[in-house]
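What follows is each chain in one-letter form.
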There are 2 protein chains.
Amino acid sequence: MITKNQIKFVRALQLKKNRDTHNCFVVEGEKMLEEILQSDFNVIEIFATKTWDFSKVKAIEVHKVSEKELGRISALKTPNKVIAIIEKPRRCLQISTIKNGFTLALDDIKNPGNLGTIIRNCDWFGVKNIICSKNSVDVYNPKVIQATMGSISRVNVYYNDIENVIEKLGNEFPIYGTFMDGENISAFNLEKNALLVMGNESFGISEKVSRLINKKIAIKRKQIGAESLNVAIATSILLYEFNR
Amino acid sequence: MITKNQIKFVRALQLKKNRDTHNCFVVEGEKMLEEILQSDFNVIEIFATKTWDFSKVKAIEVHKVSEKELGRISALKTPNKVIAIIEKPRRCLQISTIKNGFTLALDDIKNPGNLGTIIRNCDWFGVKNIICSKNSVDVYNPKVIQATMGSISRVNVYYNDIENVIEKLGNEFPIYGTFMDGENISAFNLEKNALLVMGNESFGISEKVSRLINKKIAIKRKQIGAESLNVAIATSILLYEFNR
């Protein structure tokens with residue numbers, strides 16, 4: 001059974017302002033929840049149909065609902081057995097952590113599918129931390145969550161002022177960014193401890209951040225005519241090359 | 001002005017069976033059409049609002065329509081100035097062409113966005129020819145066309161039986177395919193004249209095609225947990241590596 005208030009509450013979490021107010025977000029589907037349960041996310045409440053394996057959770061409030069009821073709170077066309085409400089984690093990224101590893105910074109990524117896919121790529125290539133500029137799409141947007149295919153449980157996403165972060169890293173630290181006239185990454189000796197900045201889908205890296213990039217790189221195109229690579233595609237190629 | 005019959009006809013082309021019957025497809029938007037006009041595609045008919053630059057075409061039937069009328073024939077949420085009907089090209093891919101270059105084969109790709117993005121990637125990395133298995137999504141599906149961002153005008157897509165093609169290429173010709181237990185591409189000496197097979201989003205390369213692959217490769221993951229890369233992402237990394 002699900003009450004009208006519960007339906008209203010779960011649906012409201014499709015909007016960022018409500019996720020911010022209540023400090024929680026929604027994940028859907030059996031596999032997604034399984035990965036969340038194995039992570040350090042805090043699961044608050046679960047709504048599941050009778051076909052779900054209820055033995056998977058203890059000490060969490062679980063509501064058994066009908067498929068019709070699940071459909072009423074789902075953002076998906078074909079809801080899949082279970083929907084859970086998860087607490088947004090409180091995380092803080094230390095400058096020393098950035099200095100001792102590889103971090104991705106996303107400067108105003110707007111498309112939820114792109115952010116989700118980039119998180120999935122980071123998971124594959126072992127990138128633990130992503131810094132999003134404050135105007136980027138919200139990582140707890142249901143479309144982002146779905147596109148991560150569960151990788152959200154293994155990659156940490158922070159919202160911060162990228163300019164500020166770079167300034168704290170100091171002049172010596174390698175800050176990579178892609179530019180049409182950058183140096184070909186295939187011929188470049190890429191450093192393992194670095195920050196890689198990727199820009200907005202339409203406008204690339206913002207001017208104020210561009211000024212702070214000390215290693216301008218490019219994925220060289222072979223064919224005249226092709227105008228650009230999608231940002232999730234470009235990110236995956238760069239992560240591959242940084243991991244080579 | 002646009003007639004009811006014209007509206008019905010353009011809308012009907014959203015379905016493959018109608019595109020097959022009439023041997024044509026639809027492109028939308030100013031930039032897309034510009035690239036099509038520069039290619040060897042044959043533009044049959046154009047519907048454009050008064051803000052479109054009509055001097056761009058000669059000897060093609062152009063209908064001036066209102067924005068509301070354009071909205072009625074568009075498959076997009078926000079139609080952009082112009083919609084055109086294009087003849088499907090008749091193309092035939094020679095075995096000798098495959099033998100003397102790099103060709104991509106897609107074994108049952110089902111998602112239109114993936115096919116469109118892969119075409120865009122091929123354009124960037126100079127891959128001219130793609131062979132799709134006969135059950136793959138139709139390249140003239142409006143969602144595929146939009147996702148190519150104009151690259152459809154520079155990359156040729158053929159539908160064929162991949163098994164048959166590989167058998168004609170002979171045992172010596174390198175046929176690459178990705179498998180979880182394949183060899184790490186970073187450490188592999190990739191041949192430039194080759195066929196690269198990418199598999200279906202859920203099931204990978206089909207069994208009958210798998211048997212014919214003589215170079216099993218993999219993009220190595222760094223992190224345990226991550227389950228897979230999206231097929232368009234994996235393709236882009238491989239195309240990058242083949243072009244290194």
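Just so you know, these numbers come straight off a predicted model, no measurement behind them. (Residues numbered from 1 in each chain as written. Chains lettered and ligands numbered in written order. Predicted model: local features only at pLDDT ≥ 70, side-chain atom pairs only at ≥ 80, totals over all residues. Heavy atoms only, no water.)

Colleague: Outline the sheet that holds strand β2 (residues 42-48) of chain A, listing residues and values.
Modeller: Residue and element names in this part refer to chain A. Reading across from one edge, β1-β4-β2-β3 is the order of the four strands in this open sheet, with mixed pairing throughout. Strands with a single pairing partner mark the edges of an open sheet, and in this sheet they are β1 (24-28) and β3 (61-64). Taken over all neighbouring pairs, the strand axes of this sheet differ in orientation by 20° on average, direction set aside. Here β1 runs beside strand β4 (residues 82-87); their pairing, made up of five bridges, is antiparallel. Paired with Glu28 across the two strands is Ile83, which belongs to β4. (Pairing = 2+ DSSP bridges. Helix = DSSP H or I, 4+ residues; strand = E, 2+ residues; numbered from the N terminus. Axes fitted to C-alpha atoms, helices over the stretch in contact; angles between N-to-C directions.)

Colleague: Kindly report on helix α1 (residues 4-12) of chain A, identifying the contributing residues and their values.
Modeller: Each full turn of the α-helix corresponds to 3.6 residues, which orients residues three or four apart in the same direction. Residue and element names in this part refer to chain A. What α1 keeps buried is the set Gln6, Ile7 and Val10. Down the axis of α1, the buried set is contained in an arc of 100°. They therefore lie on one face. Exposed residues lying more than 90 degrees from the buried face of α1 are Lys4, Asn5 and Lys8. (Buried < 20%, exposed > 50% of the residue type's maximum accessible area, 1.4 Å probe, protein only. Arc of directions from axis to C-beta.)

Colleague: So what's going on with the relation of the copies chain B and chain A? Which residues, and what values?
Modeller: It takes a turn of 180° to lay chain B on chain A, together with a shift of 0.0 Å along the axis; the resulting RMSD is 0.0 Å. Put plainly, the chains are arranged around a two-fold axis. By residue overlap, the copies meet face to face through one surface: 100% of the interface positions of chain B are interface positions in chain A. (Least-squares fit on C-alpha atoms with pLDDT ≥ 70 in both. Contact = heavy atoms within 4.5 Å.)

Colleague: How would you summarise the packing of helix α10 (residues 231-242) of chain A against helix α10 (residues 231-242) of chain B if you had to cite specific residues and measurements?
Modeller: At a minimum axis distance of 9 Å, the contact between α10(A) and α10(B) shows a crossing angle of 55°. Viewed along their axes, α10(A) and α10(B) adopt a mutual orientation that is oblique. Here α10(A) runs over α10(B); the crossing is right-handed. Across the interface between the two elements, Ala232(A), Ile233(A), Ser236(A), Ile237(A), Tyr240(A) and Glu241(A) from α10(A) touch Ala232(B), Ile233(B), Ser236(B), Ile237(B), Tyr240(B) and Glu241(B) from α10(B). (Parallel < 35°, antiparallel > 145°, perpendicular 65-115°, else oblique. Left-handed = near helix turned anticlockwise from the far one by under 90°.)

Colleague: How would you summarise the domain arrangement of chain A if you had to cite specific residues and measurements?
Modeller: All names here are of chain A. Domain annotation for chain A reports domain 1 (4-87) and domain 2 (95-242). Relative to domain 2, the C-alpha centre of domain 1 lies at a distance of 30 Å. Across the contact, 14 residues belong to domain 1 and twelve residues belong to domain 2. Both sides together, the interface formed by domain 1 and domain 2 hides about 1,100 Å², and carbon and sulfur atoms give 64% of it. A per-residue breakdown of the area domain 1 buries against domain 2 is headed by Arg19, Met32 and Glu35, which together make up 43% of the total. Summed over the shared surface of domain 1 and domain 2, the result is two salt bridges. Put simply, domain 1 and domain 2 have three residue pairs in polar contact (both at pLDDT 80 or more) between them. Among the secondary structure elements, those contributing two or more residues to the side of domain 1 that touches domain 2 are α2 (16-22), β1 and α3 (30-37). Split by residue class, the side of domain 1 that touches domain 2 holds seven nonpolar, two polar and five charged. (Domains from an automatic or database assignment. Buried area = accessible area lost by both parts, 1.4 Å probe. Salt bridge = Lys/Arg side-chain N within 4 Å of Asp/Glu carboxyl O. Polar contact = N/O pair within 3.5 Å; in protein donor to acceptor, adjacent residues only side chain to side chain. Nonpolar A, V, L, I, M, F, W, Y, C, P; charged D, E, K, R; others polar.)

Colleague: So what about the packing of helix α6 (residues 112-124) of chain B against α10(B)? Which residues, and what values?
Modeller: All names here are of chain B. Where α6 contacts α10, the two axes come as close as 9 Å, and the packing angle between them is 15°. The angle between the axes of α6 and α10 places the two elements in the roughly parallel class. The element α6 and its partner α10 pack so that their crossing is right-handed. Side by side, α6 and α10 meet where Asn114, Thr117, Ile118, Asn121 and Cys122 of the first sit next to Val231, Ala232, Thr235, Ser236 and Leu239 of the second. Looking at the contact of α6 with α10 residue by residue, the class counts come to five nonpolar, five polar and no charged.

Colleague: Provide a residue-level description of the packing of aromatic side chains, including the pertinent values.
Modeller: Under the defined criterion, the tally for this structure stands at 15 aromatic pairs over all chains. When the centroid spacing of 5.8 Å and the interplanar angle of 75° are considered together, the rings of Phe25(A) and Phe41(A) count as edge-to-face. Pair noted here: Phe25(A) is in strand β1 and Phe41(A) is in the loop between α3 and β2, with a separation of 16 residues, a long-range link. An angle of 35° between the planes, with centres 4.4 Å apart, marks the rings of Phe25(B) and Tyr140(B) as tilted. Here Phe25(B) is found in strand β1 (residues 24-28), whereas its partner Tyr140(B) is found in the loop between β6 (129-132) and α7 (142-147), with 115 residues between them in sequence. The pair Phe25(B) / Tyr140(B) is uniform in exposure class, with both members buried. Each member of the aromatic cluster is reached from another via a ring pair, and the members are Phe102(A), Tyr176(A), Phe188(A) and Phe242(A). In this structure, Lys216(B) packs its charged tip against the face of Phe179(B), placed 4.5 Å from the ring centre. (Phe/Tyr/Trp six-rings, centres within 6.5 Å; stacked < 30°, edge-to-face > 60°. Lys NZ or Arg CZ within 6 Å of the ring centre and 35° of its normal.)

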